[in-house]
Amino acid sequence: MSDDTPSILSHEEEAIAAALAEGTDPVTIADERDSSVAAVEASIDRIREKTERAFATLEASPFAADLARDFDPERRAALRAALDE
């Protein structure tokens, strides 16, 4: 799997996820995106749901370990760091 494999998150969800990862609160994200807080919170709920489904898929997939071994060391380290936060 390469770094250009698309995420299951939409572009909007990716932007919101990145802002959350930087510590930006939903109200500020809504203000910066000229959106409602309710819309941002709905996106956050979808991000969480997709993340839960991704973990369930990893757990059920017989290919998860093989694909993880194929990651370059930097990507593997970034994923481990994301899980450890």
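Residues numbered from 1 in each chain as written. Predicted model: local features only at pLDDT ≥ 70, side-chain atom pairs only at ≥ 80, totals over all residues. Heavy atoms only, no water.

## Topic: the side chain of Ser43
Okay, step 1: One can find Ser43 in helix H3 (residues 37-60).
Okay, step 2: If we ignore the near neighbours within four places in the chain, the residues touching Ser43 are Glu12, Glu13 and Ile16. (Helix = DSSP H or I, 4+ residues; strand = E, 2+ residues; numbered from the N terminus. Contact = heavy atoms within 4.5 Å.)

## A few points about the packing of helix H2 (residues 26-33) against H3
Okay, step 1: The N-to-C vectors of H2 and H3 enclose an angle of 115°; their axes lie 8 Å apart at closest approach. Taken together, the axes of H2 and H3 lie roughly perpendicular to each other. Two packed elements cross with a definite hand, and for H2 against H3 that hand is right-handed. Together, Pro26, Val27, Ile29 and Ala30 of H2 and Val37, Val40 and Ile44 of H3 make up the contact between the two elements.
Okay, step 2: When its residues are assigned to classes, the contact of H2 with H3 shows 7 nonpolar, no polar and no charged. (Axes fitted to C-alpha atoms, helices over the stretch in contact; angles between N-to-C directions. Parallel < 35°, antiparallel > 145°, perpendicular 65-115°, else oblique. Left-handed = near helix turned anticlockwise from the far one by under 90°. Nonpolar A, V, L, I, M, F, W, Y, C, P; charged D, E, K, R; others polar.)

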